[in-house]
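Structural features, examined
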Amino acid sequence: MNPQETAVSEISEPCIKLENVNKTYSGVSAPAVKDLSLEVAQGEIMVLVGPSGCGKSTTLRLINRMIEPTSGRIIYEGEDVTKGDPNELRRRMGYVIQQVGLFPHRTIAENIATVPKLLKWPKAKVNARVDELLEMVSMDPSIYRDRYPKELSGGQAQRVGVARALGADPDVLLMDEPFGAIDPITRDRLQNEFLRLQEELKKTIVFVTHDIDEAVKMGDRIAILRDQSEIAQLDKPEVILTDPADSFVENFLGSGAILKTLTLRRVRDIELSQPVIIKRSTNRSDAILALHDSYFPYAVLLDDHDHPIAWVDERALNRSDSLDRSGASITVQLQPEDTLQDALSGMLQTAAGMSAVVNGRGQYLGTCTIESLASMLIAQPNGASA
Amino acid sequence: MSTAVVTPQQGSAASLPSRRNLKMTQLDLIVTPIFFVLLALLLAVVWVYSDFDRTTTSILEPSRLWTQFKQQIYLALWSTALVIVLAIPLGILVTREGAPRLKNNLVSLLGLGQAIPAYGLIVLFFVAFGQGSFTVILALATFALLPVLRNTIVGLEQVDQSVIEAGKGMGLTSVQRLRKIELPLAVPVIMAGIRTATVINVGMATLAYLIGGGGLGETIAAGLKNGRPTAIFVGAVLVALIALALDFLGGLAQRYLKPKGLA
Ligand SMILES: Nc1ncnc2c1ncn2[C@@H]1O[C@H](COP(=O)(O)OP(=O)(O)O)[C@@H](O)[C@H]1O
Ligand SMILES: [Mg+2]
């Protein structure tokens, strides 16, 4: 049934465990979730990704019993949670939804304090916690504490939504397309902030999205789901991208799958080009001759500390102006640790289609060209699974 | 609006949608007092300058008017209180999970009830419960139930589902969700319904005289019977002034009770 059963995470014992869980909504004949077994390890971000209607939200909501399973067991920290008080369970799990759902008649502070107050924390502790959480999500408590939700932008509202979910410091966060309704630029920032936050917090997170790019970015492991929450593949993002289990996964990854591998590889993994290097002291006619012999129609101008300054072509060399000014100055530099995704967007920002790579001290190492990226991508198509 | 509910025929105003434009609330608070003052001035002018023959003078005997005036308010307020006590819990009940069928049936049943003329309803209640203000209050409450019930249902249902979902997801019990989220957010709409019910009740209390319930209806009826337009006018304007005053107080309450943070 599920060839990925072997892909057990090596982190530690599972924090959340679904065992043969079924959910059939009343009045619907086909189950929304069919015989799903899934283990989420302590401290990992498990992404559930799949086409709309495949049962992601249903699966997530089964975990905090917003929906009761038709059959099967759900184990959280070793105990079967399908029995007992669902409200108490939910207070131990943060829950973030796409629409955020802030209480419009409560201030930001009151919103964030919801669960701590339910748990009857002393007032001083609640207040301190609210400020701590606001700072955690990069919002100044003195500005936002007493505001109302209607005064927030979409991105800010979702920050508060995350802060509220973290209110009583739950071990688990359940997130249902939390950044789905936010503009791409803000979403990118929220994702990065959230990943940084998670490095500190090390929560166990189940993260639902329909966006494979978001899945690759956020997931320690990704479960690709098809209809009725059937796991098509469950693995680390790099494995899924380079070795999709079947044609469903391949289709779901889409034609952009190779591009997505750019986020998994780094500048140091590719061979750098070495165009002609010139210094300010170089004789111009020598430089033009060298340029004629070179494969590249431009040279790199370095300063006395080997920092790259500008791209210089023959026309620039022929001009009487200073070399610094007649060349195309190098504004974007890459480091070997940058991902190829960064490299690509860096190159697209400069019209040059190339980028200087420097070491930590800013010294020139070589040039990354768009051709070298392209040839690397072409050299390792889907068959890279070997 | 609220000014014209003076004659029995206009009881049909009850079937108009009672969901006021909530943004209008603040305008109400300015316009209503102006209307009130103008109408009171008009009443004073009529009182001072029109010829009172013997019949008119005896109909408009001040101490009797005062009694009727107090009865009118008494009937309107108690029937409104009864409406609130009945309709809001009922509205809450039928909007709870697991009771969706009941809701539509109830609203259409009450809608049917509204098709019965107010006159007929009062007589019907008279047959069932005998005469007196208790019967009047019961009849008025029945008639004004629908706007409050409907606004309670609408008010609770218009609460953003994701807000309730978030509350549930954080472990608020169903009672806590009702108390802390749904009801506060429904208050503006429910209050609008209560204001409408109040105005209806003030107007309908004019019919109380039919079954010995008193009220300003007696003055209006006497004016009609004896062909004394001044008496009819004075009775009707007093009813309108009560309606305006109570509506104004309702507007204040609506504004005061509206939770902060709402648009
Ligand atoms: N409350 C419900 N009642 C009946 N069917 C539902 C309900 N919620 C979801 N479904 C159905 O269950 C399936 C899975 O829905 P959902 O879990 O929301 O999918 P996803 O989050 O992956 O888009 C869909 O076919 C959807 O129509
Ligand atoms: Mg969904």
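Cut-offs and rules
- Residues numbered from 1 in each chain as written.
- Chains lettered and ligands numbered in written order.
- Predicted model: local features only at pLDDT ≥ 70, side-chain atom pairs only at ≥ 80, totals over all residues.
- Heavy atoms only, no water.
- Helix = DSSP H or I, 4+ residues; strand = E, 2+ residues; numbered from the N terminus.
- Contact = heavy atoms within 4.5 Å.
- Areas by Shrake-Rupley, 256 points an atom, 1.4 Å probe, with all protein chains shown as cover.
- Buried area = accessible area lost by both parts, 1.4 Å probe.
- Salt bridge = Lys/Arg side-chain N within 4 Å of Asp/Glu carboxyl O.
- Polar contact = N/O pair within 3.5 Å; in protein donor to acceptor, adjacent residues only side chain to side chain.
- Nonpolar A, V, L, I, M, F, W, Y, C, P; charged D, E, K, R; others polar.
- pLDDT = per-residue confidence, 0-100.
- Near = heavy atom within 4 Å.
- Pairing = 2+ DSSP bridges.
- Axes fitted to C-alpha atoms, helices over the stretch in contact; angles between N-to-C directions.
- Phe/Tyr/Trp six-rings, centres within 6.5 Å; stacked < 30°, edge-to-face > 60°.
- Buried < 20%, exposed > 50% of the residue type's maximum accessible area, 1.4 Å probe, protein only.

Structural notes on the overall build of chain B
- Regarding its fold elements, chain B presents 10 helices and 0 strands.
- In chain B, the succession of helices and strands from N to C terminus is α-α-α-α-α-α-α-α-α-α.
- Residue pairs in contact within chain B that sit at least 24 positions apart in sequence constitute 82% of those at least 6 positions apart.
- When the accessible surface of chain B is split by element, carbon and sulfur atoms take 68% of a total near 12700 Å².

Considering the interface of chain A and chain B
- Between chain A and chain B, the residue contacts involve 23 residues of the former and 21 residues of the latter.
- Summing the contributions of chain A and of chain B, the shared interface buries around 1900 Å²; its carbon and sulfur component is 63%.
- Ionic pairing is found between arginine 61 of chain A and glutamate 165 of chain B, a salt bridge with its closest N-O pair at 2.3 Å.
- Counting across the chain A and chain B interface gives 5 residue pairs in polar contact (both at pLDDT 80 or more).
- Here the residues of the side of chain A that touches chain B sort into 11 nonpolar, 6 polar and 6 charged.

Quick notes on the confidence of the model for chain A
- For chain A, mean pLDDT is 88; residues scoring 70 or higher make up 94% of the total.
- Contacts for the low-pLDDT stretch residues 1-9 of chain A, under 50 throughout, to residues beyond four places or in other chains number 13 contacts.

A short note on the site of ligand 1
Residue and element names in this part refer to chain A.
- Lining the immediate environment of ligand 1, one finds Tyr25, Val28, Ala32, Ser52, Gly53, Cys54, Gly55, Lys56, Ser57 and Thr58.
- The contact in question runs from an oxygen atom of ligand 1 to an N or O atom on the backbone of glycine 55, over 3.0 Å.
- Between an oxygen atom of ligand 1 and a side-chain N or O atom of threonine 58, the distance comes to 2.4 Å.
- For ligand 1, whose unbound accessible area comes to 560 Å², protein coverage reaches 56%.
- The class makeup of the residues in the shell around ligand 1 is 4 nonpolar, 5 polar and 1 charged.

Considering the side chain of lysine 203 of chain A
- Considering the arrangement of structural elements, one finds lysine 203 of chain A in the loop between helix 8 (184-201) and strand 8 (204-209).
- Beyond its immediate sequence surroundings of up to four residues, lysine 203 of chain A is in contact with Gly43, Glu44, Leu166, Asp169, Pro170, Asp171 and Gln198 of chain A.

Digging into the sheet that holds strand 10 (residues 230-235) of chain A
Residue and element names in this part refer to chain A.
- Taken together, the 6 strands give an open sheet; going across it, the order is 6-7-8-3-9-10, and neighbouring strands pair in mixed fashion. Strands at the two margins of the open sheet, each flanked by one partner only, are strand 6 (93-97) and strand 10. Direction aside, neighbouring strands of the sheet carry axes that sit 15 degrees apart on average.
- As defined by bridge partners, strand 6 adjoins strand 7 (residues 172-176) across 5 bridges and the pair is classed as parallel. By the bridge assignment, glycine 94 is partnered in strand 7 with leucine 173.

Notes on the packing of aromatic side chains
Residues and elements named next belong to chain A.
- Enumeration over the complete set of coordinates arrives at 9 aromatic pairs over all chains.
- Ring centres of phenylalanine 248 and phenylalanine 252 lie 6.4 Å apart, and the angle between their planes is 10 degrees; on these two criteria the pair is classed as stacked. Of the two residues, phenylalanine 248 and phenylalanine 252 both sit in helix 11 (residues 247-253), 4 residues apart, roughly one turn of that helix.
- Classification of phenylalanine 248 by relative accessible area gives partly exposed; the value is 23%.
- Pairwise contacts between aromatic rings join Tyr295, Phe296, Tyr298 and Trp311 into one cluster.

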